[in-house]
Amino acid sequence: MTPTDSEVDVLIVGAGPAGLMLATWLSQLQISTRIVDKRSTKIMAGQADGFQCRTLEILDSFGIDRVWKESNHMLEVCFWNPDENGVIRRTARAPDTPKGLSRFTESVLHQGRMERFFLDHLKETGDRIRVERPVVPSLLQVDESEIKNPSAYPVTLKLQHLTDEQATPNQGNNVPNGLFRSNLTADDTDDLIRKSSGKEGTEETIRAKYVVGCDGAHSWTRKQLGFKMEGEHTEIIWGVLDVVPITDFPDIRVRCLIHSASAGSLMVIPREKRVVRLYIQLKEVGFGGGAVDRSKVTPEQILKAAQKIIAPYKLEYEQCDWFTAYQIAQRVSDGFEKFDRIFLAGDAVHTHSPKAGQGQNVSIQDAYNLGWKIGMVARGQASPEILKTYTTERQQIAKDLIAFDQKFSKLFSGRPAKDVSDETGISLEEFRNVFHQGAVFAAGLSVDYGPNILVVKEDEGKEGTVRCRPDLADKLKIGMRLPSHKILNQSDALAIELQRLLPSDGRFRLVVFAGDISKPEIYSRYEKLGDYLASKDSLISSYTPQNSPRDSVIEVLTVHSAKRTDIELQSLPEAFRPLDKSKGWDYWKVYADDESYHEGHGKVYENFGIDRDEGCIVVVRPDGYVAATVSVDDTQSLETYFGRFMIRL
Ligand code: FAD
């Protein structure tokens, strides 16, 4: 190591949504991390704007609630189609997010705000990780002889700190009248004031345990690894306008999918601050009859195309925040990692059309899947084996995403059927069916991770294996995220969403659905479990560092089915309501599935298909996905499950 070299556990290339999500996780887990970006500032306008339910749940689990507060919540979707005279008419309305999917609904806010919230969160959680800008890597090397050594830093990167001239941030915005700043809020202004890092024009060498390329669709990191993007590139061009519309179109403040008879399709996305995003299909031939050169497309041309589709309604604007034109490419990288040391996430491994509002969401969710795994391995808590699940879990999602996008884009770009005998056109029925089937996928809630070292889906059948019992919670899907229902705090009767008990703090959780513990035989089983958890041979003792709180690695939560008022918290075993002498008793670990005073009954046992007497234990991963379900007395299976990847102290 030369005097200018430095070491870091994780180096992240790219500070878009994926890179910032990863940095947020690693900040939370206090892992030594650096993050670099070639832009001299964050995004200020445009690009992604859709936030799906799962992303909102994830953000909430970090305490980031500003997206939900600032965004426009899209509650309704309307379908407009040509009538027999070719005039567009509203043909159907539906809820934009199917009922009961999540406590959140699809919401819209521009990507720059999301980046702002991540940056603020990094500051609030210790200010240990700051995005270093404008910086690009210029060399990546791996010492293969060291990749199996957990304490080694086998990946070497050269970083170039750019000067102002070298870093020319492209905000993708050519609106000439300065409206580019219109999305700026007070807390963004500081980003435009370029501060010197004192390193401009210099190069440094850095050695890392892990490198993660979150550097977007043209990923430099992916190229260094020699991976290829596989898939299709179509000729269909779409224009995007972020405008404050002046129109007599009645549904401009709800999401609309408009198919005109012959002028193409338009999607209306009502946004925050009176803005509306319009996605407009431009013709495959240019406005003058030749092929479209994307870089020459102007907002006026896009508006003209939109006016034709939306006619006879009028559409104008005075204020345009942002516009772009893009071609649809649906591609997945043929590799997501190398040596379990270098990973790729987000647009670096999948690109597709933006209309279903997936890119930012899936990118955030990739990084969310990876962050805690790298964190646990870097902390020496878990075996590097768990890192392999990143690729197996997320590559499948990327493939599903492309398949979904291909279906969605074809439908959207296709011509509406004239009548039932028109077989090449797309019928309204077909469109609505695909739209609704896609809604659960689009919400990010159909993610179902397959069996692996972290997910046990069925009884492995032999002594000494995990006797997984999906039948004990037969409406709960192992491999999917734990859904939320209201439960009551035993100590103060507060109704709270179950997911609020699962903050993203790197801990596994045993959610003990203890059953009706007012019955002696059921209480006795629960008490026995408490004795085990408190013992020095329990899995809690095995994996929790001495001098750390007993819930710092695996947290035990109870949700019983007795009447809340029939149970006294103080009479329950201490393992379920631990005492920390400096903080007192923990009153936030035992809950009842019971009627609340003001917010009804969450019926979590019923919703999860858990018998109110038999109960079960649900093992929940640090990212909120269900890892296994075992019976309340099966501590052996719990030991086997954790023993496969956790490192004993
Ligand atoms: P990016 O956001 O591309 O971030 C990559 C970062 O890496 C950038 O900051 C870049 O400066 C940096 N970088 C790149 N190369 C280097 C390098 N060599 N060295 C250092 N830094 C580097 N998604 C949705 O979910 N919903 C939507 O509604 C939506 N709408 C969209 C509309 C449009 C018009 C467009 C263009 C995209 C839209 N997307 C949408 C997609 C979304 O913007 C992306 O999927 C998302 O930003 C991907 O996040 P990422 O972090 O993987 O990559």
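In what follows, the structure referred to is the one given above.
Nothing here was measured: the structure is a model prediction, and the numbers come from that model.

**Student:** Just give me the short version of the overall build of the protein chain, but keep the residues and values in it.
**Tutor:** When helices and strands are tallied, the protein chain shows 14 helices and 28 strands. For the protein chain, the residues scored as buried account for 58% of the 649 residues in total. Accessible area of the protein chain: about 27100 Å², with a carbon and sulfur share of 49%.

**Student:** Residue-level account of the sheet that holds strand β6 (residues 88-95), with values.
**Tutor:** Two pairing modes exist for strands in a sheet, parallel and antiparallel, and in both the strands are linked by backbone hydrogen bonds. As summarised here, the arrangement of the eight strands in space is β6-β5-β13-β14-β15-β12-β16-β19, forming an open sheet in which the pairing is mixed. A single partner strand is all that each edge strand has here, and the edge strands are β6 and β19 (350-351). Against the sheet, helix α7 (residues 299-310) makes contact with β6, β12 (229-247), β13 (255-259), β14 (265-270), β15 (276-282) and β16 (315-333), and its axis sits at roughly 90 degrees relative to β16, the strand it touches most.

**Student:** Account for the site of the ligand, naming residues and giving values.
**Tutor:** Surveying the vicinity of the ligand reveals 35 residues, the closest of which are Ala18, Asp37, Asp49, Asp347 and Gln360. Gly50 places a polar main-chain atom, nitrogen or oxygen, 3.1 Å from an oxygen atom of the ligand. At 2.7 Å, a side-chain N or O of Asp347 approaches an oxygen atom of the ligand. Protein coverage of the free-state accessible area of the ligand, which is 980 Å², stands at 88%. Those elements giving two or more residues to the shell around the ligand turn out to be α1 (17-28), β9 (135-142), β15, β16 and α8 (359-378). Looking at side-chain class alone, the shell around the ligand contains 14 nonpolar, 14 polar and seven charged residues.

**Student:** Could you give an account of the state of the cysteines, with specific residues and numbers?
**Tutor:** Under the defined criterion, the tally for this structure stands at zero disulfides. There is no disulfide at Cys616, and the cysteine sulfur nearest it, in Cys468, is 9.8 Å away. For Cys616, a relative accessible area of 0% gives the class buried.

**Student:** Could you give an account of α1, naming the residues involved and the relevant values?
**Tutor:** Over its twelve residues, α1 extends 16 Å from the first C-alpha to the last, a length consistent with the 16 Å expected when each residue adds 1.5 Å. The buried fraction of α1 amounts to eleven of the twelve residues, a majority that puts the element mostly inside the structure. Among the residues making up α1, those that are buried are Pro17, Ala18, Gly19, Leu20, Met21, Leu22, Ala23, Thr24, Trp25, Leu26 and Ser27. Gln30 lies just past α1 and shows a positive phi near 55 degrees.

**Student:** Pulling in residues and values, what's your account of the sheet that holds strand β7 (residues 107-108)?
**Tutor:** If you trace the three strands from one edge of the open sheet to the other, you get β3-β7-β4, paired in antiparallel fashion. At either end of the open sheet lies a strand with only one pairing partner, and these are β3 (50-51) and β4 (72-73). Both β4 and β7 contribute to a ladder of two bridges, which runs antiparallel. Pairing of His73 across the sheet is with Ser107, part of β7.

Conventions used here
- Residues numbered from 1 in each chain as written.
- Predicted model: local features only at pLDDT ≥ 70, side-chain atom pairs only at ≥ 80, totals over all residues.
- Heavy atoms only, no water.
- Helix = DSSP H or I, 4+ residues; strand = E, 2+ residues; numbered from the N terminus.
- Buried < 20%, exposed > 50% of the residue type's maximum accessible area, 1.4 Å probe, protein only.
- Areas by Shrake-Rupley, 256 points an atom, 1.4 Å probe, with all protein chains shown as cover.
- Pairing = 2+ DSSP bridges.
- Contact = heavy atoms within 4.5 Å.
- Axes fitted to C-alpha atoms, helices over the stretch in contact; angles between N-to-C directions.
- Near = heavy atom within 4 Å.
- Polar contact = N/O pair within 3.5 Å; in protein donor to acceptor, adjacent residues only side chain to side chain.
- Nonpolar A, V, L, I, M, F, W, Y, C, P; charged D, E, K, R; others polar.
- Disulfide = S-S within 2.5 Å.
- Expected span 1.5 Å × (residues − 1).

Structural measurements only, silent on function.
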